[in-house]
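# Analysis of the macromolecular model
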Amino acid sequence: MAWHLLVYLPLLFPVPAAWAARPLAERLEPRLATWLLTASALALAALSCAALGVLLVAGVVRLPLAALAGDWSVGTVRAGDSVSTAEAVVAGLVLAVALTAGTRMLWRRMRALAGAVFEAACLPGAGRVVVTADAAPDAYALPGLPGRIVVSTGMLEALDDADREAMLAHESAHLACHHYAFVAAAQLAATCNPLLRPVTAAVSYTIERWADERAATVCGDRRQVARAIGKAALATARRPPRQSLSGAVLGLLGRRHSPLKAAGPVPRRVAALLAEPPVYSLPLNLPLLPLAGAAAVVGSSAVCAFAAAHDLHLLLKVAGAG
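Residues numbered from 1 in each chain as written. Predicted model: local features only at pLDDT ≥ 70, side-chain atom pairs only at ≥ 80, totals over all residues. Heavy atoms only, no water.

### Thoughts on the nonpolar core
Here is the rule: Put simply, a nonpolar core is a bunch of buried Ala, Val, Leu, Ile, Met, Phe, Trp, Tyr and Cys residues held in one set by side-chain atoms that sit within 4.5 Å of each other. Each residue gets one of three labels from its accessible area relative to the maximum for its type: buried under 20%, exposed over 50%, partly exposed in between, using a 1.4 Å probe on protein chains only. Runs of H or I in DSSP of at least four residues are treated as helices and runs of E of at least two as strands, each being numbered from the N terminus. Contact between two residues is taken to exist if any of their heavy atoms lie within 4.5 Å; hydrogens are not considered.
With 51 residues, the main nonpolar core has Leu37, Leu44, Leu196, Val199 and Val203 as its most contacted residues. Breaking this core down by element, the ones donating at least two residues are helix H3 (14–27), helix H4 (30–60), helix H7 (85–122), helix H10 (179–192), helix H11 (197–219) and helix H15 (288–321). Top contributing element to this core by residue count: H4, with 13 residues. With near-sequence residues (within four places) excluded, Leu37 lies in contact with Ala21, Leu24, Ala25, Val199, Ala202, Val203 and Thr206. Counting 12 residues, the second-largest nonpolar core is a separate cluster that includes Ala166, Ala215, Ala216 and Ala228.

### Structural notes on the pairing of strand E3 (residues 148–152)
Two faces, one strand: in a regular strand the side chains alternate between the faces of the sheet. The condition is simple: By definition, two strands form a pair when at least two bridges between them are found by DSSP.
Taken across its 5 residues, E3 has 5 buried, putting it largely inside the fold. Pairing of strand E1 (residues 129–132) with E3, which is carried by 4 bridges, proceeds in the parallel orientation. Along E3, the bridge assignment pairs Val131 with Val151. Direction of pairing for strand E2 (residues 139–142) relative to E3: antiparallel, over a ladder of 4 bridges. Looking at the pairing, Leu142 lines up with Arg148 of E3. Taking the residues that link successive antiparallel strands as the turn, the E2-E3 hairpin has 5 residues.

### Some details on H10
Stated formally: To estimate how far a helix should reach, multiply one less than its number of residues by 1.5 Å.
Relative to the 20 Å expected for 14 residues at 1.5 Å per residue, H10 spans 21 Å between its end C-alpha atoms, a close match to the ideal helical length. Counting buried positions along H10 gives 10 out of 14 residues, so the element sits mostly inside the fold. Residues His179, Phe182, Val183, Ala184, Ala185, Ala186, Gln187, Ala189, Ala190 and Cys192 constitute the buried set of H10.

### Thoughts on the packing of aromatic side chains
This is how it is decided: Between rings of Phe, Tyr and Trp, where Trp is taken as its six-membered ring, a pair exists when centres lie within 6.5 Å; planes separated by under 30 degrees are stacked, by over 60 edge-to-face, and by other angles tilted. A ring is considered to have a charge above it if a Lys NZ or an Arg CZ atom is located within 6 Å of its centre and within 35 degrees of its normal.
The full count for this structure, using the stated rule, is 2 aromatic pairs. Between Trp35 and Phe182 the ring centres are 4.9 Å apart and the planes differ by 85°, which places this aromatic pair in the edge-to-face class. Taken as a pair, Trp35 in helix H4 and Phe182 in helix H10 lie far apart in primary sequence, 147 residues in all. Owing to a relative accessible area of 9%, Phe182 belongs among the buried residues under this scheme. An aromatic cluster of at least three residues, connected via ring pairs, comprises Trp35, Phe182 and Trp210. The positively charged end of Arg268 is found above the aromatic ring belonging to Tyr205, 4.1 Å away from the centroid.

### Thoughts on H7
With 38 residues, H7 extends 55 Å between its outermost C-alpha atoms, agreeing within 8% with the 56 Å of an ideal straight helix rising 1.5 Å per residue. Ala88, Ala91, Gly92, Leu95, Ala98, Gly102, Met105, Arg109, Ala112, Ala116 and Ala120 are the residues of H7 that are buried.

### Some points on the packing of H4 against H11
Spelled out, the test is: To define axes, lines are fitted to C-alpha atoms, for helices over the stretch in contact only, and angles between the resulting N-to-C directions are given on a 0 to 180 degree scale. Between 65 and 115 degrees an angle is taken as roughly perpendicular, under 35 as roughly parallel, over 145 as roughly antiparallel, and anywhere else as oblique. Left-handed describes a crossing in which the near helix is turned anticlockwise from the far one by less than a right angle; the clockwise case is right-handed. Classes in brief: Ala, Val, Leu, Ile, Met, Phe, Trp, Tyr, Cys and Pro nonpolar; Asp, Glu, Lys and Arg charged; the others, Gly included, polar.
Contact pair H4 / H11: the axes reach a minimum separation of 8 Å and the direction vectors enclose 155°. Taken as axis vectors, H4 and H11 run roughly antiparallel relative to one another. Crossing geometry of H4 relative to H11 is assigned as left-handed. Along the contact surface, H4 presents Pro30, Arg31, Ala33, Thr34, Trp35, Leu37, Thr38 and Ala41, while H11 presents Val199, Ala202, Val203, Thr206, Ile207, Arg209, Trp210 and Glu213. Of the residues assigned to the contact of H4 with H11, the class counts are 10 nonpolar, 3 polar and 3 charged.

### A few points about the side chain of His179
To be explicit about the condition: Here a polar contact is recorded for every N or O atom pair within 3.5 Å, except that within protein the pair must consist of a potential hydrogen donor and a potential acceptor, and residues adjacent in sequence are included only if both atoms are side-chain atoms.
Structurally, His179 can be placed in helix H10. The buried category is assigned to His179, whose relative accessible area is 0%. Within the local environment of His179, its side chain forms a polar contact with the side chain of His174, the two groups lying 2.8 Å apart. With near-sequence residues (within four places) excluded, His179 lies in contact with Ala173, His174, Ile207, Trp210, Ala211 and Leu250.

### Comments concerning unusual backbone geometry
Located in the positive-phi region is His178, a residue other than glycine, with phi close to 55°. Position of His178 relative to the elements: it lies in the loop between helix H9 (161–176) and H10. The partly exposed category is assigned to His178, whose relative accessible area is 43%.

So yeah, pure geometry; function would need other evidence.
Structure (structure tokens):
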């Protein structure tokens, strides 16, 4: 049946999304790119899980016990249902792994966020910025109520006054725009469907570009923000920062857990700040091609998943009527 082919397509649509993630991250306005990539990743992950669910149900309805409980004809179902038992078992196992991994990841992120909120509340002083006596250069935003910006004395010594202003504006942007939530959502999607991992990497980059652009607006000098990023990167390379930080924090140089991986995007961020600033006039000048492409991929995946589920529903109706 046609639905047997349609149900597999939502499992493959994350491939073009992953392929297009980095070009979109480079060419779109950072805020728009972050929203577009995160929303698309979540939708594609959910639809791929839905497709696995349809395959699992298609195998279950072939069982005599299920037919007895649902009051439909096993012969009619097996004649119209081309999903094999092996396919259903594999789909069920993959779905169970995806949902289990997604639930565990969500739980860990919630615990990390709760830990960050508690740590922010326990930091000394009433100001938003907290300076720690640590020779290792480090600076990061700590979500909380309110959020705090933690800066080590080593980082302050590596930057001059203008660089410090740029650094603080960058960290403030992370807190104001809740960038940790976008990263967590993209990671959740990639945990449920590993094909979406490039999208997560792209979102980690776009939130940094988003914070860079906001910092440039606050400081009024894009080159100063680029210099601050470069100086912080050099200081960190000479003296690596501590790595015992919560997964909910974000810093000037990107994700704190993987400084080596974050080193790649830093030159791209600096180059973007040193280049001529692009002109964005949203919403009147929306990039229609990327938006249409994302809508086509997600929409096609949704149509395929819905069509497969609908055809299976019709088959069960016919089997019940017979």
